[in-house]
Amino acid sequence: MIGDPGVGVTRSAMTAARRIVVKIGSAALTGGSDQLDRAYMHDLAAQFADAIASGREIIIVSSGAVAAGLKAAGLEKRPGDVAGQQAA
């Protein structure tokens, strides 16, 4: 199975894949800052659009929801408790 933990994914396997699952973490979405990196997200969206236009199915999995909600919730840093993270 392509993408199994511990298994290298070859370029030919990625080229042949019709469905690609992409995991994007908070650190990637924020560039290590406390705000979303909109330019990076725009670039990702363009890459995903190109892949979809070429007939691939893209599935995005992200832990970035907490990072995205921090500013909207008026928080300066990531909550340490589960309830706080769910609220963000």
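Model, not experiment: these values are computed from the prediction. (Residues numbered from 1 in each chain as written. Predicted model: local features only at pLDDT ≥ 70, side-chain atom pairs only at ≥ 80, totals over all residues. Heavy atoms only, no water.)

### Digging into the nonpolar core
Link 1 in the chain: With eight residues, the main nonpolar core is built from A17, I20, I24, L29, L44, F48, A51 and I58.
Link 2 in the chain: If one sorts the elements of this core by residue count, helix 3 (residues 38-53) sits on top with three residues.
Link 3 in the chain: In contact with I20, not counting residues within four places along its chain, are M14, R56, E57, I58 and I59. (Core = buried A, V, L, I, M, F, W, Y, C linked by side-chain atoms within 4.5 Å. Buried < 20%, exposed > 50% of the residue type's maximum accessible area, 1.4 Å probe, protein only. Helix = DSSP H or I, 4+ residues; strand = E, 2+ residues; numbered from the N terminus. Contact = heavy atoms within 4.5 Å.)

### Here we look at the pattern of salt bridges
Link 1 in the chain: In total, this model carries one salt bridge according to the counting rule given.
Link 2 in the chain: In this structure, E57 and R19 form a salt bridge, with 2.9 Å as the shortest nitrogen-oxygen distance. Pair noted here: E57 is in strand 2 (residues 57-62) and R19 is in strand 1 (residues 19-24), with a separation of 38 residues, a long-range link.
Link 3 in the chain: On the basis of relative accessibility, which here comes to 38%, the residue E57 falls in the partly exposed class. (Salt bridge = Lys/Arg side-chain N within 4 Å of Asp/Glu carboxyl O.)

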